[in-house]
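Here is how the chains run, residue by residue.
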Amino acid sequence: MYLSRFLSLHALWVTVSSVMQHYPSVWGHYDVCKTQIYTEEGKVWDYMACQPEARDMIKYVRVTLDPPDITCGDPPETFCAMGNPYMCNNECDASTQELAHPPELMFDLEGRHPSTFWQSTTWKDYPKPLHVNITLSWNKTIELTDNIVITFESGRPDQMILEKSLDYGRTWQPYQYYATDCLDAFHMDPKSVRDLSQHTVLEIICTEEYSTGYMTNSKIIHFEIKDRFAFFAGPRLHNMASLYGQLDTTKKLRDFFTITDLRIRLLRPATGEIYVDEQHLARYFYAISDIRVYGRCKCNLHATGCKEENKRLLCECEHNTTGPDCGKCKKNYQGRPWSPGSYLPIPKGTANICIPSISSIGNPPKFDRIWPNISSLEVSKPNQANVCDNELLHCQNGGTCINNVRCQCPPAYTGILCEKLKCERDPGGCSQSSTQGAISHSPLLLLMALLGAARLHMC
């Protein structure tokens, strides 16, 4: 008897797992764009919001330096040791591989000894400022998912600005200021991210936390992405659903973590003192051994993949969308204005797929206007394109495809493919209870049914 109960429970678990395996977790990973589900009407497509996995974006970066001749070694010059600023017999020589420090060494694999790093010329033209702009470009919109980390082999700069661009470098805005003295350098009171809150998370701050001089254990500068996420998702980011909800409904917050380019503006090298030692200017320079930028391709929640093609990142778009960021509908799928996917409702979000335009079904053949409801056209010609079919254009949310020309929708849904809730048209919108009640094919209901069946079987 116990063996039969065990086998029944095991079969129950296997069945439920197979049904739920394609559903994103309640924390919202959004790793599937669509999946087939079984309803009373048969097998149908269930579309979901989706996004690519986060990855190391430095693999795809292009770097430029301004001024372009700021890298040391041409002509060769000597500089002082990192740990001992008065031992000035080290050499930088661009013509010798072992002594060269080109920009690509900011992004190579670390862990080797001696460490590899890019290095600027020394401050030999003091008191003229030693300014360097390091621009990181992706030619793609990126959503940051982890801290930006810059590791210096020289002392960390006395003054530095991290900037971002959302329009491929045409305009720039500050991300964060760094200084040994914020008030003196930028006329700002010093702050750390810990001083912020949900309401001030977008504030641009100046921090003195990462601007010490020649300390061997103090090489790293952070721009804290995760600490800002934590204001919404909790200290260990366990409540990602809350964060995704905020990103979905607050465009300024979403744009804050979105970039196409980053710029590191080095304004004053580490001096470690109040004054500059003009007798030993070879002590002062910038050197960076590593830059880390983690994020994902922005695909407007219409793709789970992002590929590199002709040295450019492109989203592998689904939901009948196209473009580098899945930012428009495919030809013949412009039945309504394009819209990004939505993280809400958790956990599957809303796909907002592009739907067929009237020109794609051939009646009339030269019209391109948007029709509110294709089912009202009563299309019946056999040579016309399908509004719904058994491969790509399944009726959603339990709808039934009638003769490939229209979807018969459940009471709570409407739209060409039953993709919209009727309550969205009401002045009050969709309440949480009405939304939950509409999802009649939820795997949770199946789970309850299977549990009930197992209980009856064991009795």
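Preceding this section is the structure that the text describes.
Anyway, here's the lowdown on the structure attached to this text. This structure is a prediction, so every number in the text was calculated from the model and none was measured. (Residues numbered from 1 in each chain as written. Predicted model: local features only at pLDDT ≥ 70, side-chain atom pairs only at ≥ 80, totals over all residues. Heavy atoms only, no water.)

The omega torsion across Asp-74 and Pro-75 is 5°, close enough to zero to call that bond cis. In this structure, Pro-127 follows Tyr-126 across a cis peptide bond, with omega equal to 15°. Counting through the fold element by element, Pro-127 comes out in the loop between strand E7 (118-119) and strand E8 (132-144). Its identity is not glycine, yet Asn-139 carries a phi of approximately 55°, on the positive side. Overall, Asn-139 belongs to the partly exposed group, its relative accessible area being 39%. (Helix = DSSP H or I, 4+ residues; strand = E, 2+ residues; numbered from the N terminus. Buried < 20%, exposed > 50% of the residue type's maximum accessible area, 1.4 Å probe, protein only.)

The subject of this paragraph is the packing of helix H3 (residues 226-233) against helix H4 (residues 240-249). The geometry of H3 relative to H4 is characterised by a closest axis approach of 7 Å and an angle of 100° between their N-to-C directions. With respect to each other, H3 and H4 are oriented roughly perpendicular. Listed contacts from H4 to Phe-229, Phe-232 and Ala-233 of H3 are Met-240, Ser-242, Leu-243 and Gln-246. Of the residues that constitute the contact of H3 with H4, the class distribution is five nonpolar, two polar and no charged. (Axes fitted to C-alpha atoms, helices over the stretch in contact; angles between N-to-C directions. Parallel < 35°, antiparallel > 145°, perpendicular 65-115°, else oblique. Contact = heavy atoms within 4.5 Å. Nonpolar A, V, L, I, M, F, W, Y, C, P; charged D, E, K, R; others polar.)

Using the criterion set out here, one finds 13 salt bridges in the structure. With a shortest N-O distance of 3.9 Å, Arg-228 and Glu-224 are connected by a salt bridge. Comparing Arg-228 with Glu-224, the two get one shared label, buried. The salt bridge involving Asp-255 is made with Lys-251; its shortest N-O contact spans 2.6 Å. Taken together, the positions of Asp-255 and Lys-251, both in helix H5 (residues 251-256) and four residues apart, correspond to about one turn of that helix. One connected set of salt bridges, linked through shared partners, spans Glu-163, Arg-263 and Arg-265. (Salt bridge = Lys/Arg side-chain N within 4 Å of Asp/Glu carboxyl O.)

Read across the open sheet, the four strands follow the order E7-E15-E9-E13; overall the sheet is antiparallel. The sheet is open, and its two borders are formed by E7 and strand E13 (220-223), each paired with just one other strand. (Pairing = 2+ DSSP bridges.)

Structurally, the position occupied by Asp-93 is in the loop between strand E6 (90-92) and E7. Although Asp-93 is buried, it forms no salt bridge, and the closest oppositely charged side chain is Lys-124 at an N-O distance of 13 Å. Engagement of the side chain of Asp-93 in a polar contact is seen with the side chain of Ser-95, the distance being 2.7 Å. (Lys, Arg positive; Asp, Glu negative; His and termini not counted. Polar contact = N/O pair within 3.5 Å; in protein donor to acceptor, adjacent residues only side chain to side chain.)

Turning next to the pairing of strand E17 (residues 306-309). The pairing of E17 with strand E18 (residues 312-315) spans four bridges and is antiparallel. The partner of Lys-307 across the bridge, within E18, is Leu-314.

Okay, the state of the cysteines next. On inspection of all chains with the given rule, the structure shows nine disulfides. Here Cys-80 engages in a disulfide with Cys-88; their sulfurs sit 1.9 Å apart. Its torsion about the S-S bond being 80°, the disulfide of Cys-80 and Cys-88 is classed as right-handed. Paired through a disulfide, Cys-317 and Cys-326 show a sulfur-sulfur distance of 2.1 Å. Taking the torsion about the sulfur-sulfur bond, which here is approximately -100°, the covalent link between Cys-317 and Cys-326 counts as left-handed. Assessed through its relative accessible area of 21%, Cys-317 is described here as partly exposed. (Disulfide = S-S within 2.5 Å.)

It is worth stressing that arrangement in space is one thing and function is another; only the former is reported here.
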